[in-house]
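Descriptive analysis of the structure
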Amino acid sequence: SQQGEEDPQALSIQEGENATMNCSYKTSINNLQWYRQNSGRGLVHLILIRSNEREKHSGRLRVTLDTSKKSSSLLITASRAADTASYFCATAPSGGYQKVTFGTGTKLQVIP
Amino acid sequence: ETGVTQSPTHLIKTRGQQVTLRCSSQSGHNTVSWYQQALGQGPQFIFQYYREEENGRGNFPPRFSGLQFPNYSSELNVNALELDDSALYLCASSLRDGTYEQYFGPGTRLTVT
């Protein structure tokens, strides 16, 4: 079963615009990660935010985490055609092993 | 630094057959996880291996089994294939250092007919 639900399921924007994706999860977490997947191939790790952090930046990426609402958002600023991909949030549980549980994904299309 | 590799890239099998998928971890990584990704879905955790022992399992039946070797490469074996086993199988390697960051291979696309 999926831990996270992502919203929207699909998003289409013009190049240069910002893209925001949201993720909700169900159980306590150690951290939340965002991954990108191009054309149904391997996933690429983008950014990790720990449960005691509220916001994190990496280049054009900004991630927020609200553990009280069990939700996170990923903002991609000044989008490029190369950002076209599926984006997944993934959660690692508090304690225990490194099982990472993925959400359902947001399919982003950036139109040149 | 060598990335994660998987073989084969594509595979077509018949229902009831058995399949073995292979993964070579990133250099120095001691943990490998396997995921099944159905079309249009997020990856689903199958199991994880740490130092050659299974270290956690998702909601998959026993006909899904695995091995991790001393060089940290890994195999996923699936017996008695079913049509629903058709999916992209991903392996991911990581270090057990609290970072939780996983490095994924390109995946093996399995089609069961």
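We now turn to the structure provided with this report. Residue positions are counted from 1 within each chain, in the order its sequence is given. Throughout, the order in which chains and ligands are written sets their labels, letters from A for the former and numbers from 1 for the latter. In keeping with the model being predicted, local features are shown solely for residues with a pLDDT of at least 70 and side-chain atom pairs are shown and tallied solely at 80 or more, while totals for entire chains, interfaces and linings include all residues. The side-chain values count all of the structure's non-hydrogen atoms but skip hydrogen atoms and water molecules.

1. Description of the sheet that holds strand β6 (residues 55-58) of chain A
Residues and elements named next belong to chain A. This is how the line gets drawn: Strands qualify as paired when DSSP identifies two bridges or more between them. In DSSP terms, a helix is any run of H or I states spanning at least four residues, a strand is any run of E spanning at least two, and both are numbered starting from the N terminus. Each axis is a line fitted through C-alpha atoms, taken for helices only over the stretch in contact, and angles between the N-to-C directions span 0 to 180 degrees.
Ordered in space as β1-β3-β8-β7-β6, the 5 strands form an open sheet in which the pairing is antiparallel. Each of the sheet's edge strands pairs with one partner strand only, and the pair in question is β1 (5-7) and β6. Across the sheet, the mean angle from the axis of one strand to that of its neighbour is 15°, orientation sign disregarded. Inspection of the sheet shows strand β7 (residues 61-66) paired to strand β8 (residues 71-76) by 6 bridges, in the antiparallel sense. Its bridge partner lying in β8, Leu65 is registered against Ser72.

2. Focus: the pattern of salt bridges
Condition: We count a salt bridge whenever a side-chain nitrogen from Lys or Arg sits within 4 Å of a carboxyl oxygen from Asp or Glu. For every residue, the accessible area (1.4 Å probe, protein chains only) is compared with the maximum for its type, and the residue is labelled buried under 20%, exposed over 50%, or partly exposed between those bounds.
All chains considered together, the criterion is met by 7 salt bridges over all chains. Here A:Arg60 ties to A:Asp83 by a salt bridge, and the two come within 2.9 Å at their closest N and O atoms. Of this pair, A:Arg60 sits in the loop between β6 and β7 while A:Asp83 sits in the loop between β8 and β9 (85-93), placing them 23 residues apart in sequence. A relative accessible area of 21% places A:Arg60 in the partly exposed class. Measuring nitrogen to oxygen at the nearest pair gives 3.3 Å for the salt bridge that ties B:Glu82 to B:Arg63. With a gap of 19 residues between them, B:Glu82 in the loop between β8 (74-78) and β9 (87-94) and B:Arg63 in the loop between β6 (53-57) and β7 (64-68) connect regions that are remote in the sequence. A residue is classified by how much of its surface remains accessible, and B:Arg63, at 17% relative accessible area, is buried. It is possible to trace a salt-bridge network through shared partners that takes in B:Arg63, B:Glu82 and B:Asp85.

3. Some words on the sheet that holds strand β1 (residues 5-7) of chain B
Residue and element names in this part refer to chain B. The sheet built from 4 strands is open, its strands ordered β1-β3-β8-β7 with antiparallel pairing. Looking along the sheet, the strands with just one partner apiece sit at the ends: β1 and β7. Ignoring strand direction, the axes of neighbouring strands in this sheet form an average angle of 20°. In this structure, β7 lies alongside β8, joined through 5 bridges in antiparallel fashion. In the sheet register, Ser65 faces β8, and the bridge partner there is Asn77.

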